[in-house]
Structure formats: C-alpha cells, structure tokens
Protein chains: 2
Amino acid sequence: MTDVIKTISEVKSRLDDYRRQAGKKVALVPTMGFFHVGHLSLMRTARQDCGLVVVSIFVNPAQFAPTEDLEAYPRDLARDLELAGRENIDLVFSPDPAEMYPEGFDTYIDPSHINDTLCGQGRPGHFRGVATIVAKLFNIISPDRAYFGQKDAQQAAVIRRMVKDLDYDIDIRVCPIVREFDGLAMSSRNAYLTADERAQAPVLHQALLAAREAVAHGERDASKIRRLMRRTIGQNYLVEFEYARIVDPETMESVAVLDREALAAVAATVGKARLIDNLMIAP
Amino acid sequence: MTDVIKTISEVKSRLDDYRRQAGKKVALVPTMGFFHVGHLSLMRTARQDCGLVVVSIFVNPAQFAPTEDLEAYPRDLARDLELAGRENIDLVFSPDPAEMYPEGFDTYIDPSHINDTLCGQGRPGHFRGVATIVAKLFNIISPDRAYFGQKDAQQAAVIRRMVKDLDYDIDIRVCPIVREFDGLAMSSRNAYLTADERAQAPVLHQALLAAREAVAHGERDASKIRRLMRRTIGQNYLVEFEYARIVDPETMESVAVLDREALAAVAATVGKARLIDNLMIAP
C-alpha cells in the first residue's frame with residue numbers, strides 16, 4: 001500500500017530524501033481522486049518514465065464555482081490508495097483544503113486570454129483555480145515531469161502556457177483520452193449518470209466522430225462542422241448542449257477554416273454531470 | 001567584473017553547475033538596476049549570508065502602467081556591472097524583455113486583496129507585474145534566499161504572501177531603508193528630481209517622523225496621525241500628496257487604532273518622480 005502524506009512540509013522533506021538518495025527523475029500525476037482507467041493510464045506512463053512517481057489527490061475548492069459540485073464530487077480515498085498501490089506509486093500526496101489554502105490565502109495564477117473561451121466561459125474562475133493548485137503542486141513536489149489527460153485539453157493548454165510563461169523547468173506530458181466501450185470519455189463525473197443518461201452520454205463522442213467524418217469528406221468550414229456537432233448532440237433529450245468548437249490546440253482560439261490540424265471540443269450537461277470531450281481533426 | 005547572462009537557459013545551466021559543485025546557498029537580489037546604496041546594501045547582506053549571489057537587473061514592463069515612466073526609467077548597465085563586480089556578485093542576470101515576455105505570454109500572478117490598498121490603488125496592475133516577474137525569477141534561479149528593500153514595503157508583503165501561498169521554499173529577507181543625509185529614502189527615481197524638488201522631497205520622511213513623534217506623545221487615533229502626515233506633506237508646493245496611511249505591516253489593511261506596531265506609509269509625486277516611504281511605529 002502506498003504511503004499517504006497530508007502535509008506540505010513532510011512531502012517536501014521526503015522528496016528531498018529520495019532525490020539525495022538516488023538522483024531519480026520525479027513524476028507528478030495531479031488528480032482529484034476517484035480513480036478510473038484514465039487516471040491509471042497516467043500513472044502507468046509516469047511509472048515507466050520516472051524513478052519516483054508522486055500522485056496528488058486533492059479535490060481543489062478553488063476550481064469549483066459556488067454553484068458547482070464541490071460537495072457532491074465523488075471521493076473514495078481508501079479505494080484510490082489501493083489502486084495507487086497496485087500501480088506501484090511511491091507517494092500519494094493528499095492534503096486537506098486547509099493545508100493548501102490556509103487562512104489569509106490571497107495569491108492566484110491567472111491564465112489570461114486562454115481563459116476566455118470554451119470551459120472558461122461556462123466556468124468562470126475554473127482555470128484560475130486549476131493553474132493556482134498546479135503551480136502550488138509544482139513548487140511543493142518540484143517534479144521533472146507532470147502528467148495530464150487530454151480529456152481536459154484546455155486545462156493542458158493552460159498548464160503548458162503557465163509552464164512556459166513562468167519558467168517552470170518541468171516537462172508536461174499529455175496522455176490520450178481513455179474511453180468506455182461505447183466511446184464515452186472516462187470521467188469521475190460519469191458516476192453521476194442514471195442508466196438513461198449513461199445511454200445518451202456517448203453522443204458527445206459521436207458528435208466528434210461526425211466532425212472528423214465530415215472533414216474526411218472534404219468539409220473545411222468550421223462553422224458548418226460546429227453546427228453538425230451541435231445538431232448531433234441536440235438530438236438527445238437528456239443532453240443539454242453547452243458548446244461545440246473547432247480551436248487551435250495550443251491557444252484554444254477558434255479556427256474559421258480547417259487548413260491545418262485543429263481540436264474539436266464539446267461540452268454538455270447530462271443530468272447532474274457536466275461532460276466534456278475532444279478529438280484532434282486534420283484536413 | 002561580474003558575468004552577465006541574458007538568456008534563461010544559460011542562467012539555469014550555470015546555476016545547476018554551481019549547485020552541483022559546491023552545495024552552496026543561492027541568494028537572489030532582484031532589481032531594476034541603476035544601483036544606489038540601497039541596492040548595494042541588499043547585495044552586501046546577501047554576500048554575507050550565501051555562497052552564491054545572483055543579482056537580476058530587469059526593468060519589468062509588466063509592472064508599469066501605460067501612463068508610467070517605463071521608457072524614462074533610468075538605466076546604466078555598464079555602471080551597474082562595475083558596482084556589482086565591486087560587491088563580488090557571482091552572476092548578474094539581465095535578460096531582454098523579449099526573453100522574459102515572449103510572444104503569446106498569457107499567465108500572471110494575481111495578488112488579490114493586498115492589491116486593493118496603498119500603491120495598488122494608484123498603480124493598478126503594478127503588483128500583478130511585480131509578483132509575476134518575481135515568480136519567474138524564483139523559478140529560473142531557484143534561490144534559497146531572496147532580498148528585498150523595506151522601502152517597497154507593500155511589494156515585500158505581496159512577495160511574502162506569494163511565497164507562502166504558492167509554497168515557494170524561499171526565505172524572504174527584507175532589508176532596512178537606506179536614506180540620504182537629510183532622510184530622503186534612496187530610490188532610482190530620485191534621479192528625476194530638479195534641485196528645488198530634491199530640496200522638498202525629504203518631506204515624506206519628515207511626515208513619517210512627525211507620525212512617530214505623535215505616537216510617542218500618546219496619540220493612538222490613526223485618522224489623526226494620517227491627517228498630521230498629510231498636512232506635513234501638503235506644506236510643500238512642489239509635492240503632490242497621494243496617500244498617508246497606517247496599516248498592518250503584513251496585510252497592508254488600514255489600522256484604526258494604534259494598539260500594536262503598525263506601518264506608516266506615504267506616497268507623493270515630486271516633479272516627474274513618484275516617491276514612497278514608510279516607517280514602523282509602535283505605541
């Protein structure tokens with residue numbers, strides 16, 4: 001079973017010991033816990049790449065708006081530790097919110113323009129919270145590499161931008177989306193879905209496949225592809241459409257014409273679950 | 001003569017070499033150059049404390065508003081290098097703006113409430129720029145200690161708060177204000193003053209001394225002390241009053257009654273120079 005550490009000072013001193021001992025490369029896999037196969041795939045990649053793998057489990061209050069599902073977000077630390085142990089994770093860092101945001105906390109990382117689109121519009125303050133907690137974890141753990149999932153493509157872009165802008169000497173690895181048998185992207189929030197909702201949820205992936213198909217048949221007009229995705233998602237009465245966009249995978253800015261590889265990204269609410277998905281499409 | 005380094009990658013690799021060689025403590029003295037005795041006192045303290053002293057010289061565009069004196073800010077790199085050499089500084093890091101803010105730069109450190117008072121009101125965006133460049137320098141240099149001047153008391157408070165909030169493992173040292181013979185706090189912006197303005201500029205310090213004197217005589221009402229400071233500064237026709245406050249030295253929040261040690265802080269514009277000064281006062 002993997003060790004769990006709850007305080008910043010202890011995790012820092014443990015990591016210093018490891019580094020001194022072995023000159024090992026340190027990997028960080030930041031998570032909010034309630035592991036699914038997507039998380040495990042990040043851990044396995046990190047385990048293959050690095051001598052020391054740290055997984056953080058922290059449901060980060062700063063990235064939830066007051067109206068969102070912070071309280072309801074699924075948690076199961078015992079199960080997560082069991083799974084981390086099976087993946088031979090060296091350290092799990094699982095601090096309390098008061099350890100990460102003590103009284104008087106007053107400094108945030110603000111991703112600027114990249115925040116003005118996609119999930120940044122529907123979730124104001126979300127990426128500020130994400131960037132802040134990730135910078136804190138980077139400063140605490142000082143990893144050589146950090147692993148993120150492609151499902152949260154905008155998050156990965158925000159982090160890459162932050163690493164570049166703030167001069168972190170950390171190699172950011174973004175791992176492919178892991179999907180259920182029917183194409184639904186793995187997400188801890190899938191646990192919110194009723195059976196009926198679960199049956200309709202793969203429509204996000206189907207919309208992305210339809211976009212790819214249209215491009216394969218020669219469509220280059222992003223607005224037409226967006227409408228196609230929107231129409232596909234809108235056919236399902238339990239699914240509330242939020243956005244469908246074609247964007248630059250680095251800046252997340254909208255692309256008008258598909259003259260190079262771009263990211264198709266969708267978001268919708270299904271019951272209590274806000275779901276997102278994306279797919280690279282190339283002309 | 002001290003080495004100057006202009007690129008981030010070179011300064012990082014040089015510092016890695018030093019650290020491997022010697023296990024030396026690394027000091028950072030972040031400056032905007034045009035050294036005066038205040039800067040030299042920071043360097044001397046750092047030199048006494050640490051095996052390796054890095055001074056950064058960078059007039060940081062992000063901390064100047066469009067209406068401010070970025071272009072006019074005094075610069076003399078040759079003289080600064082000469083002075084740094086005499087202080088036995090190991091490395092001077094003096095990047096170009098494009099090295100620090102390449103195209104597409106989009107991530108800022110946002111000091112939140114501490115920004116709403118004193119210089120944060122008169123200089124919107126200033127502390128965001130300060131926090132961002134200091135975080136970048138911390139990530140590039142990875143110092144064990146960093147040295148700041150007490151003259152910029154709110155800046156020091158912003159940096160201390162940032163270090164705590166973002167979990168930087170860096171010891172922040174704040175060194176005393178160095179003053180001219182007549183009490184004027186040393187500042188690179190004093191170079192803007194005409195002879196007449198220079199003669200009136202010590203009024204900021206005089207206002208602070210008057211505040212301390214009043215407190216020594218039993219005054220505890222911060223609003224009365226503020227009025228006294230304002231009156232003292234207002235007597236001088238070349239001096240345009242900006243603020244006079246009594247604040248908590250950590251949070252920079254206003255104090256109503258002087259029941260414990262507090263910071264008296266003043267700002268005024270004298271000719272082209274915006275000047276600030278402060279003094280701890282204890283009941």
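Residues numbered from 1 in each chain as written. Chains lettered and ligands numbered in written order. Predicted model: local features only at pLDDT ≥ 70, side-chain atom pairs only at ≥ 80, totals over all residues. Heavy atoms only, no water.

1. Digging into the interface of chain A and chain B
Piece 1. Across the boundary between the two partners, chain A contributes 27 residues, which contact 27 residues of chain B.
Piece 2. Buried area between chain A and chain B, both sides added, is near 2400 Å², and the carbon and sulfur share of it is 43%.
Piece 3. Contact with chain B buries area across many residues of chain A, yet Asp106, Thr107 and Asp167 of chain A alone supply 27% of it, more than any other trio.
Piece 4. On the surface where chain A and chain B come into contact, there are 4 salt bridges. (Contact = heavy atoms within 4.5 Å. Buried area = accessible area lost by both parts, 1.4 Å probe. Salt bridge = Lys/Arg side-chain N within 4 Å of Asp/Glu carboxyl O.)

2. What about the sheet that holds strand β10 (residues 273–281) of chain A?
Residues and elements named next belong to chain A.
Piece 1. Strand order in this open sheet of 3 strands is β8-β9-β10, and the pairing throughout is antiparallel. Edge positions in the open sheet fall to β8 (239–247) and β10, since each of these has one partner strand only. If you compare each strand with its neighbour and ignore which way they point, the axes differ by 15 degrees on average.
Piece 2. Relative to strand β9 (residues 262–270), β8 is paired through 8 bridges, and the arrangement is antiparallel. In the strand pairing of β9, Ile246 is matched with Ala264.
Piece 3. Relative to the sheet, helix α10 (residues 222–234) contacts β8 and β9, its axis offset from that of β8 by approximately 160 degrees. (Pairing = 2+ DSSP bridges. Helix = DSSP H or I, 4+ residues; strand = E, 2+ residues; numbered from the N terminus. Axes fitted to C-alpha atoms, helices over the stretch in contact; angles between N-to-C directions.)

3. What about unusual backbone geometry?
Comment: phi is negative for the bulk of residues other than glycine, and the bulk of peptide bonds are trans.
Piece 1. Although it is not a glycine, Met252 of chain A adopts a positive phi angle of roughly 65 degrees.
Piece 2. Here Met252 of chain A shows up in the loop between β8 and β9.
Piece 3. Residue classification places Met252 of chain A among the buried residues on the basis of a relative accessible area of 1%.
Piece 4. Of note in this structure, Asn88 of chain B is not a glycine but carries a positive phi near 55 degrees.
Piece 5. Within the fold, Asn88 of chain B resides in the loop between α3 (77–86) and β4 (91–93).
Piece 6. Judged by its relative accessible area of 52%, Asn88 of chain B is exposed. (Buried < 20%, exposed > 50% of the residue type's maximum accessible area, 1.4 Å probe, protein only.)

4. Thoughts on the domain arrangement of chain A
Residues and elements named next belong to chain A.
Piece 1. Domain annotation of chain A identifies domain 1 (3–175) and domain 2 (188–281).
Piece 2. The straight-line distance from the C-alpha centre of domain 1 to that of domain 2 is 26 Å.
Piece 3. Tallying the contact residues gives 23 residues for domain 1 and 17 residues for domain 2.
Piece 4. When domain 1 packs against domain 2, the two sides together hide about 1700 Å² of surface, and 52% of this comes from carbon and sulfur.
Piece 5. Sorting the residues of domain 1 by area buried against domain 2 places Leu118, Cys119 and Lys151 first, and these three jointly supply 31% of that buried surface.
Piece 6. There are 1 salt bridge connecting domain 1 and domain 2.
Piece 7. Asp69 is the salt-bridge partner of Arg189, the closest N and O atoms lying 2.9 Å from each other. (Domains from an automatic or database assignment.)

5. A closer look at the packing of helix α9 (residues 203–216) of chain A against α10 of chain A
All names here are of chain A.
Piece 1. Close contact between α9 and α10 brings their axes to 8 Å; oriented N to C, the two are set at 150 degrees. One finds that α9 runs roughly antiparallel with respect to α10. Of the two elements, α9 crosses α10, and the hand of that crossing is right-handed. When α9 is examined against α10, the residues Val203, Gln206, Ala207, Leu208, Ala210, Ala211, Ala214 and Val215 are found in contact with a partner set consisting of Ile225, Leu228, Met229, Thr232 and Ile233.
Piece 2. Broken down by class, the residue content of the contact of α9 with α10 amounts to 11 nonpolar, 2 polar and no charged. (Parallel < 35°, antiparallel > 145°, perpendicular 65-115°, else oblique. Left-handed = near helix turned anticlockwise from the far one by under 90°. Nonpolar A, V, L, I, M, F, W, Y, C, P; charged D, E, K, R; others polar.)

6. Describing the sheet that holds strand β10 (residues 273–281) of chain B
All names here are of chain B.
Piece 1. Strand order in this open sheet of 3 strands is β8-β9-β10, and the pairing throughout is antiparallel. The two strands at the open ends of the sheet, each matched to only one other strand, are β8 (239–247) and β10. Adjacent strand axes in the sheet meet at a mean angle of 15 degrees, parallel and antiparallel pairs treated alike.
Piece 2. Helix α9 (residues 203–216) contacts β8, β9 (262–270) and β10 of the sheet and is inclined by roughly 20 degrees relative to β10.
Piece 3. Of the strands in this sheet, β8 and β9 are in contact with helix α10 (residues 222–234), which crosses β8 at around 160 degrees.

7. Structural notes on the side chain of Thr31 of chain A
Residue and element names in this part refer to chain A.
Piece 1. With respect to the helices, strands and loops of the structure, Thr31 is situated in strand β2 (residues 26–31).
Piece 2. Separated by 3.0 Å, the side chain of Thr31 and the backbone nitrogen of Gly33 make a polar contact.
Piece 3. In this structure, Thr31 is in contact with His39, Val55, Ser56, Ile57 and Phe58, ignoring residues within four places of it in sequence. (Polar contact = N/O pair within 3.5 Å; in protein donor to acceptor, adjacent residues only side chain to side chain.)

8. Overview of the relation of the copies chain A and chain B
In this arrangement, two copies of a chain are superimposed by a rotation about an axis accompanied by a shift along the axis.
Piece 1. When chain A is fitted onto chain B, the two copies agree to an RMSD of 0.0 Å after a turn of 180 degrees and an axial shift of 0.0 Å. Seen this way, the second copy is the image of the first under a two-fold rotation axis. Within chain A, the C-alpha atom positioned nearest to the axis of rotation is that of Ile109 of chain A, 2.3 Å from it.
Piece 2. Looking at chain A, 100% of its interface residues are interface residues in chain B too, so the copies touch through the same face. (Least-squares fit on C-alpha atoms with pLDDT ≥ 70 in both.)

9. Focus on the pattern of salt bridges
Residue and element names in this part refer to chain A.
Piece 1. Evaluation of the coordinates by the stated rule reveals 32 salt bridges over all chains.
Piece 2. For Arg145, the salt bridge identified is with Asp49, shortest N-O distance 3.2 Å. Of this pair, Arg145 sits in strand β6 (residues 145–149) while Asp49 sits in helix α2 (residues 37–49); the two residues are 96 residues apart in sequence, bridging distant segments of the chain.
Piece 3. We classify Arg145 as buried; its relative accessible area is 18%.
Piece 4. On the accessibility criterion, Asp49 (30% relative accessible area) is partly exposed.

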